[in-house]
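Architecture at a glance
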Amino acid sequence: MAKDVIIACDFESKEKTLAFLDKFTGRKPYVKIGMELFYAGGPEIVREIKARGHKIFLDLKLHDIPNTVKKAMAVLSKLDVDMCNLHAGGTKPMMEAALVGLTREDGTRPLLIAVTQLTSTDQEAMERDLLIHEPIDKVVMHYAKNAQECGLDGVVCSPLEAGKVHDVCGEKFLTVTPGVRFADGDKGDQKRVMTPAEARKIGSDYIVVGRPITAAEDPVAAYERCIKEFLGE
Ligand code: C5P
């Protein structure tokens, strides 16, 4: 199974993003484009980064009625991204429609990953604002199972949840995990973190790493360190 380090390119402009990627003259990193960069740079930034030879995780977290999500996914699929995502909270009909929209005429499609409960949502907020009274762990595993039953490829989760997701959904169900920090690094606003080596041990399939690479003095060296710790290369 392909494991990789995905760099979260949380920059506000195309120029900053391309200047950052220009530093990588050897191995082309897998790149995550989130809402900020996509809304600033549009589909053009996706095409440009793809043309430079990078794999792309387009992190737009779709959540709408099934027909709208299906049509939006068809557009994203034409952009030739490698991975995209949605909120499992959109329910099973939405996830099934998304897969249909994403699948190209030749039967190929980008990987489709579900967000379960956002890590910014805790038990208290879930009960108070969403009126969901089950334990949050149970909710996360239930959403993961729903995603799997709809044919999705995996979930975004904390590295601390990756082992349990694999126990519940099997080893082939992908875990894409942000919240990764070097042992000697700054945690920033992330609270529950793991090192790349720990994420590897617990079975994360893809780690999403932003500031430990993008804000490093030497981003290429930080990326190589991540690859070494996570892939053991
Ligand atoms: O800079 P840092 O390594 O914290 O970046 C992590 C990336 O993963 C950011 O793009 C952030 O939005 C994203 N993310 C996260 N936690 C989640 C889901 C996504 O940190 N639960």
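The structure this text deals with has already been given above.
Residues numbered from 1 in each chain as written. Predicted model: local features only at pLDDT ≥ 70, side-chain atom pairs only at ≥ 80, totals over all residues. Heavy atoms only, no water.

Helices and strands together make up the secondary structure of the protein chain, namely ten helices and eight strands. Its C-alpha atoms give the protein chain a radius of gyration of 17 Å, near enough to 17 Å, the size a compact globule of 233 residues would have. Counting only C-alpha atoms and orienting by the principal axes, one finds that the protein chain spans roughly 45 × 40 × 35 Å. The buried share of the protein chain, reckoned over its 233 residues, is 49%. Pairs at least 24 residues apart make up 67% of the contacts formed inside the protein chain by residues separated by at least 6 positions. Approximately 11,300 Å² of the protein chain is accessible, and the part contributed by carbon and sulfur atoms is 52%. (Helix = DSSP H or I, 4+ residues; strand = E, 2+ residues; numbered from the N terminus. Rg over C-alpha atoms; globule rule 2.2 N^0.38 Å. Buried < 20%, exposed > 50% of the residue type's maximum accessible area, 1.4 Å probe, protein only. Contact = heavy atoms within 4.5 Å. Areas by Shrake-Rupley, 256 points an atom, 1.4 Å probe, with all protein chains shown as cover.)

Attention shifts here to the nonpolar core. Counting residues in each nonpolar core, the largest one holds 61 residues, and the members touching the most others are L58, M73, L86 and I213. Take this core: its biggest share by element is seven residues, from helix α6 (residues 136-149). In contact with M73, not counting residues within four places along its chain, are L62, C84, N85, L86, A98, G101, L102 and L112. (Core = buried A, V, L, I, M, F, W, Y, C linked by side-chain atoms within 4.5 Å.)

Turning next to the sheet that holds strand β1 (residues 4-8). Strand pairing in a sheet relies on backbone hydrogen bonds. The paired strands run either parallel or antiparallel. Strand order in this closed barrel of eight strands is β1-β2-β3-β4-β5-β6-β7-β8, and the pairing throughout is parallel. Within the sheet, the average angular offset between the axes of one strand and its neighbour, ignoring direction, is 25°. One ladder, built from three bridges, connects β1 with strand β2 (residues 30-34); its direction is parallel. Opposite I6, over in β2, you have Y30 as the bridge partner. Those strands touched by helix α3 (residues 66-78) are β3 (56-62), β4 (83-87) and β5 (111-115), and its axis lies near 165° from that of β3. Contacting β6 (154-156) and β7 (174-177), helix α7 (residues 159-169) runs over the sheet at an angle of about 175° to β7. (Pairing = 2+ DSSP bridges. Axes fitted to C-alpha atoms, helices over the stretch in contact; angles between N-to-C directions.)

Turning to helix α1 (residues 14-22), a few remarks are in order. Of all the residues in α1, the buried ones are T17, L18, F20 and L21. Along the axis of α1, the buried residues cluster in a sector spanning 155°; they form a single face. Buried-residue contacts for α1 involve β1, β2, α2 (35-51), α9 (211-214) and α10 (219-231). (Arc of directions from axis to C-beta.)

Bringing the packing of α6 against α7 into the picture now. Interaxial distance between α6 and α7 falls to 10 Å at its minimum, and their mutual angle equals 50°. As judged from the angle between their axes, α6 and α7 are oblique. Regarding α6 and α7, the two cross each other, and that crossing is right-handed. Residue-level inspection shows D137, V140, M141, A144, K145 and Q148 of α6 in contact with α7, the latter providing E161, K164, V165, V168 and C169. For the contact of α6 with α7, the class distribution of residues is six nonpolar, one polar and four charged. (Parallel < 35°, antiparallel > 145°, perpendicular 65-115°, else oblique. Left-handed = near helix turned anticlockwise from the far one by under 90°. Nonpolar A, V, L, I, M, F, W, Y, C, P; charged D, E, K, R; others polar.)

Even without being a glycine, T91 presents a positive backbone phi close to 80°. Relative to the helices and strands, T91 is located in the loop between β4 and α4 (92-102). Phi is positive for L131, close to 55°, though the residue is something other than glycine. If you trace the backbone, L131 turns up in the loop between α5 (123-130) and α6.

A word on the packing of α1 against α2. At a minimum axis separation of 9 Å, α1 and α2 run at an interaxial angle of 45°. With respect to α2, the element α1 is oriented oblique. Of α2, the residues touching α1 (which contributes K14, T17, L18 and L21) are L37, I45, E48 and I49. Of the residues that constitute the contact of α1 with α2, the class distribution is five nonpolar, one polar and two charged.

The subject of this paragraph is the site of the ligand. Residues in close proximity to the ligand include A8, D10, K32, T119, P178, R181, Q190, V208, V209, G210, R211 and P212, which together make up its full environment. With respect to the ligand, the side chain of D10 contributes an N or O atom lying 2.8 Å from an oxygen atom. T119 is positioned with one of its side-chain polar atoms (N or O) 2.6 Å from a nitrogen atom of the ligand. Within the complex, the protein chains bury 80% of what would otherwise be the 470 Å² of accessible surface of the ligand. Considering only residue class, the shell around the ligand consists of five nonpolar, three polar and four charged. (Near = heavy atom within 4 Å. Polar contact = N/O pair within 3.5 Å; in protein donor to acceptor, adjacent residues only side chain to side chain.)

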